[in-house]
Amino acid sequence: MYRFIAFGHSHIVAFAKGAYEYQAADLPAEAARVEGRFLYLYDPAYNPVLQGPPEARELNPKLREQLAELPWHFVVLVCGGNEHNVLGIVRNKRPFDFVLSSAPDLPLHPGYELVPEALIREVLKHYMADSLETMRAFRAATELPVMQLEPPPPLPNRRVLAYPREFVRASLLRAKIAPELIRYKLWRLESDIYAKFCKEFDIDYLPAPFDMVDRNGMLAEAGWGSDATHANPRYGMEVMKDVIELYAGAQEARVSS
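Residues numbered from 1 in each chain as written. Predicted model: local features only at pLDDT ≥ 70, side-chain atom pairs only at ≥ 80, totals over all residues. Heavy atoms only, no water.

Caption draft 1: Looking closely at the overall build of the protein. If you tally the helices and strands in the protein, you get eight helices and nine strands. At 19 Å, the protein has a C-alpha radius of gyration in line with the 18 Å of a compact globule built from 257 residues. If one aligns the C-alpha atoms of the protein with their principal axes, the spans along those axes are about 55 × 50 × 40 Å. Within the protein, the proportion of its 257 residues that are buried is 48%. When contacts within the protein are restricted to residue pairs at least 6 apart in sequence, those whose partners lie at least 24 apart make up 75%. Taken as a whole, the protein presents about 13,100 Å² of accessible surface, with 53% of it coming from carbon and sulfur. (Helix = DSSP H or I, 4+ residues; strand = E, 2+ residues; numbered from the N terminus. Rg over C-alpha atoms; globule rule 2.2 N^0.38 Å. Buried < 20%, exposed > 50% of the residue type's maximum accessible area, 1.4 Å probe, protein only. Contact = heavy atoms within 4.5 Å. Areas by Shrake-Rupley, 256 points an atom, 1.4 Å probe, with all protein chains shown as cover.)

Listed below in structure tokens is the structure:
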């Protein structure tokens, strides 16, 4: 039995529902069993999440109590993850594109302003700052293994446009949404920022399930949630399986070393 506690923002919902479905499934005898607790970081009971002076902020004591309440095996973080949508769905007035350094051969959109990847990276990091600081605070608050889940891939444009009222100035959404390839690049760049941060602070980074990414780099239809930016419980169940595999593999590596 693996016992874990998870903390996160909006993407934790699909993960939690998927984990519950995994727990309730008719699993083969050899399958790992899990017991999880899920805490929503927007819950007023845990806000503000970080307390103290700006130079030394710490977790809310109520969150630290949750971390210490039971003998958890590991901690799962689902912090942030929608920052790429800020630029990709309701974006700048001037259409832009950039060369993604991790995949420089991806095509550029004709007629769009070419901007440096470094600029896009800094803008994303600005939106990600609170999430990164929260992750750092969780890492400092426990000696348990900690992992951060990669955000789900962006949903295809046709799916986003089915839910225009979720966004400010919804009537302008169709004109403002970026092409899917650019939204994919933004997601990849955001994920790269999270992954490098995790490596620096000894947090495992779990990529999105391979089968849940379609050939265009968008979230596969099987994983679409009930809105424009989130995944569903089926996606969450696949993530739960990958979480188990990552933790079990890390444990085996520690034993063998």
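Caption draft 2: Spotlight on the pattern of salt bridges. With the rule as written, the count across this model stands at 11 salt bridges. Notably, a salt bridge pairs D97 with K185, separated by 3.0 Å at the nearest N-O pair. Here the residue D97 occupies a position in strand β6 (residues 96-97), and K185 occupies one in helix α7 (residues 180-200), the gap between them amounting to 88 residues. Relative accessible area serves as the criterion here: at 2%, D97 is assigned to the buried category. For K185, a relative accessible area of 0% gives the class buried. Notably, a salt bridge pairs D192 with K196, separated by 3.5 Å at the nearest N-O pair. Here D192 pairs with K196, and both are found in helix α7, just four residues apart, close to one helical turn. Classification of D192 by relative accessible area gives partly exposed; the value is 21%. Within this structure, E117, R121, D192 and K196 form a network of salt bridges that share partners. (Salt bridge = Lys/Arg side-chain N within 4 Å of Asp/Glu carboxyl O.)

Caption draft 3: Spatial organisation of the nonpolar core. Ranked by size, the top nonpolar core spans 38 residues in total, and within it F7, L63, I120 and M135 carry the most contacts. Aside from chain neighbours lying at most four places away, what touches M135 is L77, C79, Q148, Y194, F197, C198 and I203. (Core = buried A, V, L, I, M, F, W, Y, C linked by side-chain atoms within 4.5 Å.)

Caption draft 4: Representation of unusual backbone geometry. N47 connects to P48 through a cis peptide bond whose omega is 0°. Relative to the helices and strands, P48 resides in the loop between β2 (34-40) and β3 (50-51). At D202, a residue that is not glycine, the phi angle is positive and equals roughly 60°. With respect to the secondary-structure elements, D202 resides in the loop between α7 and β9 (204-206). By relative accessible area, D202 is classed as exposed at 59%.

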